[in-house]
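Each chain, written out:
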Amino acid sequence: LGDVYKRQVHDVSNVTKMAAMLDCDFEHKADLTKTATISYIQGLKTQTKRYAYVMVILSSHGLQSDIIISSDCEEIRLYDDIISPLNNKECPIFGGVPKIFVSNACRGNEKLLLRKGTLGYDGEKQAEQDSSEYKTDGEEIFSMGEPAPASGLHWPVGDVYKIFSTTPECVSLR
């Protein structure tokens, strides 16, 4: 078996053990096409069981702009295709529930270097914040300074945590 495959098996084993220790429901899906991935995410919207949190872990090849590549080599937009369908407005069963998205994929082709104890880009490139990822269908996420919705209601888009294995524009060395 190749090194990459061995690391994948090891990662799945570790996540399975972690889920067991936390007494969590865990489903492992592998080699999904773009259609199957989106269908699976859409299917989560039909859940009737309330959860304390939802965690989606994606391990794939990736490109810039938070795009991952499916098994049929199609582009999947992390925000539009994975995160947005599970927001509080589109998926009320997860309203007010923390939704954690972990992406173990490259976000570009730059390599991080360790220089005098700090992480930096090859050369002098600086990461730019893409503000478009914080909008969906013309709606902006509410800022921290705005009053909370009335009791029992949730922000239309919120309770979302995105975790990446690397910084923007860089490779993920897993």
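Residues numbered from 1 in each chain as written. Predicted model: local features only at pLDDT ≥ 70, side-chain atom pairs only at ≥ 80, totals over all residues. Heavy atoms only, no water.

(A) Spotlight on the nonpolar core. Core analysis: the largest hydrophobic core is formed by 18 residues, its most contacted members being Val56, Leu58, Ile82, Leu86, Phe94 and Phe101. Top element by residues in this core is helix α3 (residues 78-83). It accounts for 4 residues. The residues contacting Phe94, other than those within four sequence positions of it, are Leu44, Gln47, Arg50, Tyr51, Val54, Leu86, Asn88 and Lys99. (Core = buried A, V, L, I, M, F, W, Y, C linked by side-chain atoms within 4.5 Å. Buried < 20%, exposed > 50% of the residue type's maximum accessible area, 1.4 Å probe, protein only. Helix = DSSP H or I, 4+ residues; strand = E, 2+ residues; numbered from the N terminus. Contact = heavy atoms within 4.5 Å.)

(B) Region of the structure containing the layout of surface pockets. Taken as a whole, the largest pocket holds about 1900 Å³ of empty space. In terms of lining residues, the largest pocket is bounded by 49 residues, among which His28, Lys29, Ile57, Leu58 and Ser59 are the most central. At the level of secondary structure, the elements contributing two or more residues to the lining of the largest pocket comprise α1 (3-21), α2 (34-44), β1 (54-59), β3 (67-69) and β5 (99-104). The element best represented in the lining of the largest pocket is α1, accounting for 10 residues. In terms of residue class, the lining of the largest pocket is built from 30 nonpolar, 11 polar and 8 charged. (1 Å grid on protein atoms, 1.4 Å probe; cavity = no way out; pocket = protein on both sides within 12 Å on 5 of 7 lines; lining within 4 Å. Points joined across faces, edges and corners; volume = space filled by probe spheres on them. Nonpolar A, V, L, I, M, F, W, Y, C, P; charged D, E, K, R; others polar.)

(C) Here's a closer look at the sheet that holds β1. Overall, parallel pairing links the 3 strands, which are arranged β1-β5-β11 in an open sheet. Only two strands of the sheet have a single partner each, and these edge strands are β1 and β11 (160-164). This sheet shows a mean twist of 15° between the axes of neighbouring strands, independent of strand direction. With 5 bridges joining them, β5 and β11 adopt parallel strand pairing. Of the residues in β11, the one forming a bridge with Ile100 is Tyr161. (Pairing = 2+ DSSP bridges. Axes fitted to C-alpha atoms, helices over the stretch in contact; angles between N-to-C directions.)

(D) Focus on the sheet that holds strand β4 (residues 75-77). Strand order in the open sheet formed by 3 strands is β2-β3-β4, and the pairing between neighbours is antiparallel. Edge strands, defined here as strands with exactly one partner in the open sheet, are β2 (61-63) and β4. Taken pair by pair, the neighbouring strands of this sheet meet at an average axis angle of 35°, ignoring direction. Bridge analysis of β2 against β3 gives 3 bridges, and the strand direction is antiparallel. Each residue of the ladder has a partner; that of Leu63, found in β3, is Ile67.

Remember that the coordinates give geometry; whether it matters functionally is a separate question.
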